[in-house]
Amino acid sequence: MLAPLLLAATLAAAPAEPSSMASLFPKIDGYALTEAPTKYTPETLYEYIDGGADAFLMYDFEELAAGTYKSADGKQEIAVDLYRHKDAVRAFGMYLQERPNNSKALPIGVEGYQGEQHLEFVAGAIYAKLVGKTELLKPVAEKVAAGLPGTREPPAIFKAFPAEGRLPRAEKLSTKDFLGHAFLHDGFAVPYEVAGARFRLFAIQAKDPADAKAMLEKWFALSKAKDPKAKAEGTATIKDPLNGEVDLAWRGQWLWGAVDGSSPNRKTLVQELGKALK
């Protein structure tokens, strides 16, 4: 991926244009859009959120539609940004990157949270961000969410993680460079605390069994462990130079396991996760 300054230098500076997502901005009683929502693409996103675009691109961002509602008396404005991603899983992953661990869940779309003068939520493949007077944001967000297409459920994989010791609202998704390794992608991680020990369970969804095998072989080579070669299913404990001791299991298109703090409960929970992945 090109660095922001290099990318900006190599792309022609194109003026922003009206978004094809304009229909996703509903009519709000007492408010009107100041102008047609402005469109930003992966190539121009830096113009809108310079310094923050890389994170969105990691989650396969496709288009941003930015609009502003203004009250009839001209005293209030509410900015609404709709970030469309490749799919609902990646939109939820980007949402998780910015969601504070101690935030209270709002029942908007799949889920949302609110802070002082801002509100974020995710619905389908759209990650929405609103800015304005705090008490005005929730009803506007609910109106916007009602018109967005797509799922109202988080990625199903998170339901496979065991409940025992699971820390609430702290799950993460990394589409690239999972656990710090360029060869690992689409990794889901959930932190746990059991009997005073903290660790993370993870599940990696490969494109297919061949992709899973390629990731597994690179991981074994990096850890200098004995290569499982033709074993289509198995378990191992490996020494990862970045993550220490890793309890690892694999089958089909899935790799899963545990990292971080040691605990006698890790392997049991890894086994439970594996059963749920079936």
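Residues numbered from 1 in each chain as written. Predicted model: local features only at pLDDT ≥ 70, side-chain atom pairs only at ≥ 80, totals over all residues. Heavy atoms only, no water.

**Considerations on helix α6 (residues 266-277)**
Reasoning step 1: Its twelve residues place the ends of α6 17 Å apart at the C-alpha level, agreeing with the 16 Å of an ideal helix rising 1.5 Å per residue.
Reasoning step 2: Listing the buried residues of α6 in full gives Arg266, Leu269, Val270, Leu273, Gly274 and Leu277. All buried residues of α6 lie within an arc of 145° about the axis, which places them on one face of the element. Looking at α6, the residues exposed on the side facing more than 90 degrees away from the buried face are Gln271 and Lys275.
Reasoning step 3: The inward-facing, buried residues of α6 abut β10 (187-194), β11 (197-205), β13 (244-251) and β14 (254-260). (Helix = DSSP H or I, 4+ residues; strand = E, 2+ residues; numbered from the N terminus. Expected span 1.5 Å × (residues − 1). Buried < 20%, exposed > 50% of the residue type's maximum accessible area, 1.4 Å probe, protein only. Arc of directions from axis to C-beta. Contact = heavy atoms within 4.5 Å.)

**Section: helix α5 (residues 209-223)**
Since the α-helix turns once every 3.6 residues, residues separated by three or four places project in the same direction.
Reasoning step 1: Compared with an ideal rise of 1.5 Å per residue, which puts 15 residues at 21 Å, α5 spans 21 Å between its outermost C-alpha atoms and is within 8% of the ideal.
Reasoning step 2: Here α5 has its buried residues at Asp211, Ala212, Met215, Leu216, Trp219, Phe220 and Ser223. Seen end-on, α5 carries its buried residues on one side only, within an arc spanning 170°. α5 presents Ala210 and Ala221 as exposed residues on the side facing more than 90 degrees away from its buried surface.
Reasoning step 3: Considering only its buried residues, α5 is in contact with β11, β12 (233-240), β13 and β14.
Reasoning step 4: Capping of α5 at its N-terminal end is provided by Asp208; its side-chain oxygen lies 3.1 Å from the backbone amide nitrogen of Ala210.
Reasoning step 5: Phi turns positive, to about 60°, at Lys224, one or two residues after α5. (Polar contact = N/O pair within 3.5 Å; in protein donor to acceptor, adjacent residues only side chain to side chain.)

**What about the pattern of salt bridges?**
Reasoning step 1: For the coordinates displayed, the defined rule picks out 19 salt bridges.
Reasoning step 2: Here Glu63 ties to Arg84 by a salt bridge, and the two come within 2.9 Å at their closest N and O atoms. With Glu63 in strand β4 (residues 61-71) and Arg84 in strand β5 (residues 77-85), this pair connects stretches of sequence that are 21 residues apart.
Reasoning step 3: Lys267 is paired through a salt bridge with Asp247; the nearest N and O atoms lie 3.0 Å apart. Residue Lys267 is found in helix α6, and its partner Asp247 is found in strand β13; the two are separated by 20 residues along the sequence. (Salt bridge = Lys/Arg side-chain N within 4 Å of Asp/Glu carboxyl O.)

**Some remarks on the side chain of Ser71**
Reasoning step 1: One can find Ser71 in strand β4.
Reasoning step 2: At 3.2 Å, the side chain of Ser71 forms a polar contact with the backbone nitrogen of Lys75.
Reasoning step 3: Excluding residues within four positions of it along the chain, Ser71 makes contact with Gly30, Tyr31 and Gln76.

**Examining the sheet that holds β14**
Reasoning step 1: Spatially, six strands are ordered β9-β10-β11-β14-β13-β12 in an open sheet, and the strand pairing comes out antiparallel. Looking at strand neighbours, the two that pair on one side only are β9 (172-174) and β12, the edges of this open sheet. Between one strand and the next, the sheet's axes are offset by a mean angle of 20°, whatever the strand orientation.
Reasoning step 2: Both β10 and β11 contribute to a ladder of eight bridges, which runs antiparallel. When the bridges of β11 are listed, Ala189 appears paired with Phe202. (Pairing = 2+ DSSP bridges. Axes fitted to C-alpha atoms, helices over the stretch in contact; angles between N-to-C directions.)

**Let's talk about the pairing of strand β6 (residues 111-115)**
Reasoning step 1: Among the five residues in β6, four count as buried, and that is most of the element.
Reasoning step 2: Alignment of β6 against strand β7 (residues 118-123), held across five bridges, turns out to be antiparallel. Across the sheet, residue Gly112 finds its bridge partner in β7, namely Phe121.
Reasoning step 3: Remark: two residues form the turn of the hairpin made by β6 and β7, two consecutive strands paired antiparallel; Gln117 in that turn has positive phi of roughly 65°.

**Points about the confidence of the model for the chain**
Reasoning step 1: Per-residue confidence for the chain gives a mean pLDDT of 91, with 92% of residues at or over 70.
Reasoning step 2: Between residues 1-14, whose pLDDT stays under 50, and residues either more than four places distant or in other chains, the model counts eleven contacts. (pLDDT = per-residue confidence, 0-100.)

**Some details on unusual backbone geometry**
Reasoning step 1: Positive phi, normally seen in glycine, also occurs at Gln117, with a value near 65°.
Reasoning step 2: Among the structural elements, Gln117 can be located in the loop between β6 and β7.
Reasoning step 3: Phi at Asp186 is positive, roughly 50°, even though this residue is not glycine.
Reasoning step 4: Structurally, the position occupied by Asp186 is in the loop between β9 and β10.

**Considering the environment of Gln205**
Reasoning step 1: Mapped onto the elements, Gln205 comes out in strand β11.
Reasoning step 2: Considered as a pair, Gln205 and Pro168 are 37 residues apart in the sequence and their alpha carbons are 22 Å apart.
Reasoning step 3: When neighbours within four sequence positions are excluded, Gln205 is seen to be in contact with His185, Asp186, Phe188, Gln253 and Trp254.

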